[in-house]
Amino acid sequence: MLSIDPAGNSEKDNYKLLTGGVVPRPIAFVTTRSPKGTVNGAPFSFFNVVSSSPPRISLAIQRMAGKQKDTARNIEAVGEFVVHLVDQQNVGQVNQTAASLPSDQSEIELAKLTPVNSVKLAVPGVKEAKMRLECVLEHRLELEGEAGTTGCDFIIGKVVHFHIAEEIYENGRIDPHGLGAVSRLAGHDYAKIGEMFSLKRPQ
């Protein structure tokens, strides 16, 4: 087995090891609103559940040369955001939102996604997602990067409202095949829900 010290790697090499080995990763498509009113949208695969009481999720938003991305800056300024689960039907449009646009231009418009009003937030969601989570900012940590710069904005959000397509929801459970979520692998690769199996937890 290979033994690798990350201190001897470049950031790119460590990124490849993490994104190639920590798979599959769920993808959050996040909408935010800037203080000037521009609605931004971007996908993130450094994303997961934190707790259920109350419901919380986490996002790790990487910086480029210490510079905040629009999503992190808007969340910090406004305190609200909407997380959408990316699925087989919307992944193509969501991928378009990863384009680098000026902060006053909307990726939602670029990808021809349909804004829909939120129930508890001023930030809109998008109609094309089968599940979305209205979130408010609870915690934001600035994690150190190389050479003392800030490398990442770590966001913990509390879910204040769920939206779920009726056809995938029954008896309090979500049908994973109906949701059709896609996950992120390395490079340009994604994965669909494949064969499923069950294991009972030990007593």
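Residues numbered from 1 in each chain as written. Predicted model: local features only at pLDDT ≥ 70, side-chain atom pairs only at ≥ 80, totals over all residues. Heavy atoms only, no water.

Go over the sheet that holds strand E1 (residues 25–26) with me, naming the residues and quoting the values.
Read across the open sheet, the three strands follow the order E1-E13-E14; overall the sheet is antiparallel. Looking at the sheet topology across the chains shown, the edges are occupied by E1 and strand E14 (190–191). Alignment of strand E13 (residues 183–184) against E14, held across two bridges, turns out to be antiparallel. Residue pairing across strands places serine 183 opposite alanine 191, the latter belonging to E14. (Pairing = 2+ DSSP bridges. Helix = DSSP H or I, 4+ residues; strand = E, 2+ residues; numbered from the N terminus.)

Explain the nonpolar core residue by residue, including any values.
Counting residues in each nonpolar core, the largest one holds 22 residues, and the members touching the most others are Ile57, Leu59, Phe81 and Val83. Looking at this core, the elements with two or more residues in it are strand E2 (28–33), strand E3 (39–44), strand E5 (55–62), helix H2 (70–78), strand E6 (80–85), strand E9 (131–144) and strand E10 (150–164). Apart from residues no more than four positions distant in its own chain, leucine 59 is found in contact with Ala28, Val30, Phe44, Phe46, Phe47, Ile75, Phe81, Asp153, Phe154 and Ile155. Ile108, Ala111, Leu113 and Val126 belong to the second-largest nonpolar core, a separate cluster that totals 10 residues. (Core = buried A, V, L, I, M, F, W, Y, C linked by side-chain atoms within 4.5 Å. Buried < 20%, exposed > 50% of the residue type's maximum accessible area, 1.4 Å probe, protein only. Contact = heavy atoms within 4.5 Å.)

Just give me the short version of the packing of aromatic side chains, but keep the residues and values in it.
Applying the stated rule across the entire model yields one aromatic pair. In this structure, arginine 184 packs its charged tip against the face of tyrosine 190, placed 4.7 Å from the ring centre. (Phe/Tyr/Trp six-rings, centres within 6.5 Å; stacked < 30°, edge-to-face > 60°. Lys NZ or Arg CZ within 6 Å of the ring centre and 35° of its normal.)

Describe the sheet that holds E6, listing the residues and the values that go with them.
Pairing is antiparallel in the open sheet, where seven strands are placed in the order E3-E2-E6-E9-E10-E5-E4. Both edges of this open sheet fall to E3 and strand E4 (47–52), since each of them pairs with a single strand only. The sheet shows a mean angle of 30° between the axes of neighbouring strands, taken without regard to direction. Both E2 and E6 contribute to a ladder of four bridges, which runs antiparallel. Within E6, the residue paired with alanine 28 across the bridge is leucine 85. Sitting on the sheet, H2 is in contact with E2, E3, E5, E6, E9 and E10, with an inclination near 50° to E2. (Axes fitted to C-alpha atoms, helices over the stretch in contact; angles between N-to-C directions.)

Help me get a handle on empty space enclosed by the protein, residues and values and all.
This model, assessed by the stated rule, comprises one cavity of 30 Å³ or more. The calculated volume of the largest cavity comes to roughly 40 Å³. Forming the walls of the largest cavity are Phe29, His84, Leu85, Val86, Asn90, Val94, Leu113, Val126, Glu128 and Ala129. Residue composition of the lining of the largest cavity, grouped by class: seven nonpolar, two polar and one charged. (1 Å grid on protein atoms, 1.4 Å probe; cavity = no way out; pocket = protein on both sides within 12 Å on 5 of 7 lines; lining within 4 Å. Points joined across faces, edges and corners; volume = space filled by probe spheres on them. Nonpolar A, V, L, I, M, F, W, Y, C, P; charged D, E, K, R; others polar.)

Run through the environment of valine 22, naming residues and quoting values.
Within the secondary structure, valine 22 sits in the loop between helix H1 (11–21) and E1. Classification of valine 22 by relative accessible area gives partly exposed; the value is 49%. Along the chain, valine 22 and alanine 186 lie 164 residues apart, while their C-alpha atoms are 9.1 Å from each other.

Can you lay out unusual backbone geometry for me, pointing to particular residues and giving the numbers?
Cis geometry is adopted by the peptide bond preceding proline 24, which originates at valine 23 and carries an omega value of -10°. Mapped onto the fold, proline 24 is located in the loop between H1 and E1. Proline 54 follows serine 53 through a cis peptide bond whose omega is 0°. Along the chain, the position of proline 54 falls in the loop between E4 and E5. Despite not being glycine, alanine 65 shows a phi value in the positive range, around 50°.

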